[in-house]
Amino acid sequence: MSKLTQQQLESHLWESANILRGSIDSSDYKSYIFGLLFLKRINDVFEEQQENLFEKHGEKIGNLLKNDPDQYQFYVPEKARWNEVRSKGQDIGTAINVAFEALENDNATLEGVLTTIDFNREVLTDDILQQLLQHFSLLNLQNRNLSEPDILGRAYEYLIKMFADDAGKKGGEFYTPTKVVELLVRLLKPEEGMRVYDPTCGSGGMLIQSVDYVKKQGGNPQSISLFGQEKNLNTWAISKMNMLLHDLPDHRIEKGDTIRNPKLTEEGDIMLFDRVIANPPFSLKNWGREEAEADVYGRFQYGIPPKNAGDYAFVQHMIASLNSKGMAGVVMPHGVLFRGGAEGKIRQGLLENDLLEAVIGLPSNLFYGTGIPASILIFNRDKKETSKGNVLFIAAEEEYQEGKNQNTLREEDVEKILSAFETYEDMEKYARVVTLDEIKENDYNLNISRYIDKSVEEEPIDIHAVLSDIQELESKRSDTKDKLNGYLQELGFGE
């Protein structure tokens, strides 16, 4: 029997959205489809491992071991097995909820991941749920039936993107475009053995791409430690499932508000990391100013951001989470580059401490839910000699692939930015190394256009050539007029 391909799996999973279409809001599809995909996968792998026990130990020992939870990565109790759920003809939503609860009870690492999804809703009728279960029953998600080991993880990422496309603005909260994530990861260059942290981790895409980057560089992906925190409970559950479907069980993703209640602490201090990477919500209001004023971790040493824009709260949290050689990359709205008041003072503090390594202007309309242009800021506690006392500005706003709803970065756009960052040298109308003294002269304003002149010079006008053209035109006009008068005279008009 042929193995399941990436394309077949993605197509099948996307078809499941059509079963739900019209019953619930498109922004809600993801929880139900991800939940059932996870349940089917965990069930199929459990059955595969059970078969392996019998093959390895024979029937007698196999029967003794088959119900031993220690034999499995995830133990699937009777109530959570796919055939048990499939056997229900009514109250199917309740049966799925019971299955999720049973799975969590028997697997501590799944606590709170599945029971956030409630299938017992009036809009999810038994008929719709029967169709969904039947649709997923057509998939065999055992490892031996997959054409590639990471096919589930990549299909999951595909669904996250498709749901973000489908839900439009509502989808933006948990999805950063793949090329932007790839760019950030390649700028930060995580290495094996490092601790990588995303304080607003959404679906976990940046952490997963960090692992993929280490793998592509020939490093051991299992040696990288992943940490994250996510405020939205449903999105947190998605990130947990995403990690597990990518076969990354050794991660720590915490639930909660990173600014108000940071969960990643050690001995009363904020945990420190080698790489911190994030795309926090832009200019968040009600971000937790009051709590920041009383912060016990000393994260906001450069100042408290204004109540109506929490951008520099996230930036300062990220910097406070860096170890002495750590780097951070963060996506920010352009406003953080030039807004004054409290933000201006924070910016001045960050610059005076020589923490900022690069400012990269991105094209507009790259992100879901907002068309405003964004930038990437790179902070580094261990700058190279060439970048000490300097900030590299990269003006990449005009290089992108235009799309119907969203613009995208092309491979050549990513490569050009990476090349400019790597060489850390001036490139005409694109990149410029600026000293901190010059930035100080500009009152710590980081607006990219202040430092990179992209205006196109007008061609000088040749006055003699213009006069010559005018004389030629007047001469032609005079000849034409004489000819016209001649014709009129032949017809008896005029003198």
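Chains are numbered independently. Their residues run from 1 in the order of the written sequence. For a predicted model such as this one, the threshold for reporting local features is a pLDDT of at least 70, and the threshold for listing and counting side-chain atom pairs is 80 or more; totals across whole chains, interfaces and linings nevertheless cover every residue. Hydrogens and waters are ignored; side-chain quantities use all the structure's heavy atoms.

Novice: Help me get a handle on the side chain of Ser210, residues and values and all.
Specialist: Structurally, the position occupied by Ser210 is in helix α8 (residues 205-216). Note on exposure labels: buried denotes an accessible area under 20% of the residue type's maximum, exposed denotes more than 50%, and partly exposed covers the range between, all computed with a 1.4 Å probe on protein chains only. Residue classification places Ser210 among the buried positions, given a relative accessible area of 2%. Residues contacting Ser210, with those up to four places away along its chain left out, are Val185, Pro190, Val196 and Ile224. Counting from the N terminus, the helices are the DSSP runs of H or I reaching at least four residues and the strands are the DSSP runs of E reaching at least two. The contact definition used throughout considers only heavy atoms, calling two residues in contact when any of these lie within 4.5 Å.

Novice: Let's hear about a nonpolar patch on the surface: which residues, and what values?
Specialist: A cluster of nonpolar side chains, contributed by Ile461, Ile463, Val466, Leu467 and Ile470, occupies part of the molecular surface with about 470 Å² of accessible area. With respect to the helices, strands and loops of the structure, Ile461 is situated in the loop between α14 (436-441) and α15 (463-490). Residues form patches when they are more than 30% accessible in relative terms and have no salt bridge. Like charges link within 9 Å. Nonpolar side chains (Val, Leu, Ile, Met, Phe, Trp, Tyr) link within 5 Å. The accessible surface values rely on the Shrake-Rupley method and a 1.4 Å probe; as for residues, cover is taken only from the protein chains in view. By convention in these notes, a salt bridge is any Lys or Arg side-chain nitrogen within 4 Å of a carboxyl oxygen on Asp or Glu.

Novice: Help me get a handle on the pattern of salt bridges, residues and values and all.
Specialist: With the rule as written, the count across this model stands at 29 salt bridges. The closest approach of N and O atoms between Glu182 and Lys179, which form a salt bridge, is 3.0 Å. Note that Glu182 and Lys179 are positioned in helix α7 (residues 178-188) at a spacing of three residues, about one turn of the helix. Owing to a relative accessible area of 24%, Lys179 belongs among the partly exposed residues under this scheme. One salt bridge in this structure joins Arg252 and Glu254, with 2.7 Å as the shortest N-O distance. Given a relative accessible area of 31%, Arg252 falls into the partly exposed group. By sharing partners, the salt bridges in this structure join Lys179, Glu182, Arg186, Glu411 and Glu415 into a single network.

Novice: Describe in detail the pairing of strand β9 (residues 374-380), supporting the description with residues and values.
Specialist: Most of β9 is tucked away, with seven of its seven residues classed as buried. Taken together, the seven bridges between strand β7 (residues 322-333) and β9 define a ladder with antiparallel strand orientation. Across the sheet, the residue bridging to Ala328 is Phe379, located in β9. A strand pair is defined by DSSP finding two or more bridges across the two strands. By the bridge criterion, five bridges tie strand β8 (residues 356-361) to β9 in an arrangement that is antiparallel. Across the sheet, the residue bridging to Val359 is Leu377, located in β9.

Novice: Break down empty space enclosed by the protein for me, citing the residues and quoting the values.
Specialist: In this analysis, the protein atoms alone were mapped onto a 1 Å grid. Cavities are point sets where a 1.4 Å probe fits without being able to get out; pockets are open sets with protein on both sides within 12 Å along at least five of seven lines; lining residues have an atom within 4 Å of a point. Grid points are joined across faces, edges and corners, and a volume is the space filled by probe spheres set on the points. This structure, assessed with the given rule, holds one cavity of 30 Å³ or more. There is about 40 Å³ of room inside the largest cavity. Contributing to the lining of the largest cavity are Tyr312, Arg347, Leu350, Leu351, Leu356, Leu377, Phe379 and Leu446. For the lining of the largest cavity, the secondary-structure elements that each account for two or more residues are α12 (341-352) and β9. Element by element, the count of residues in the lining of the largest cavity is highest for α12, at three residues.

Novice: How would you sum up the packing of aromatic side chains? Please name residues and give values.
Specialist: Pairing of aromatic rings covers Phe, Tyr and the six-membered ring of Trp, with a centre-to-centre limit of 6.5 Å; geometry is then stacked below 30 degrees between planes, edge-to-face above 60, and tilted otherwise. What the rule picks out here adds up to nine aromatic pairs. Ring geometry for Phe46 against Tyr75: centres 5.5 Å apart, planes inclined by 85°, an arrangement best described as edge-to-face. Here Phe46 is found in helix α2 (residues 29-65), whereas its partner Tyr75 is found in the loop between α2 and α3 (82-86), with 29 residues between them in sequence. Each member of the pair, Phe46 as well as Tyr75, is classed as buried. Among the aromatic residues, those joined into a cluster by ring pairs are Tyr32, Phe100 and Phe119. A cation over a ring is seen here: Lys40 above Trp82, with NZ or CZ 5.7 Å from the ring centre. Remark: a charge is flagged as sitting over a ring if the NZ atom of Lys or the CZ atom of Arg is within 6 Å of the ring centre and within 35 degrees of the ring normal. Geometry around Tyr430 places Lys416 over its ring, the cationic atom sitting 4.2 Å from the centre.

Novice: Can you break down the UniProt feature "domain: N6 adenine-specific DNA methyltransferase N-terminal" (unreviewed entry) in the protein residue by residue, with the values?
Specialist: UniProt positions are given in the numbering used here, feature names are shortened, and annotations may be inferred rather than shown by experiment. Per the UniProt annotation, the sites labelled "domain: N6 adenine-specific DNA methyltransferase N-terminal" (unreviewed entry) are residues 9-136. Summarising residues 9-136: 62% helix, 0% strand, and an end-to-end C-alpha distance of 10 Å.

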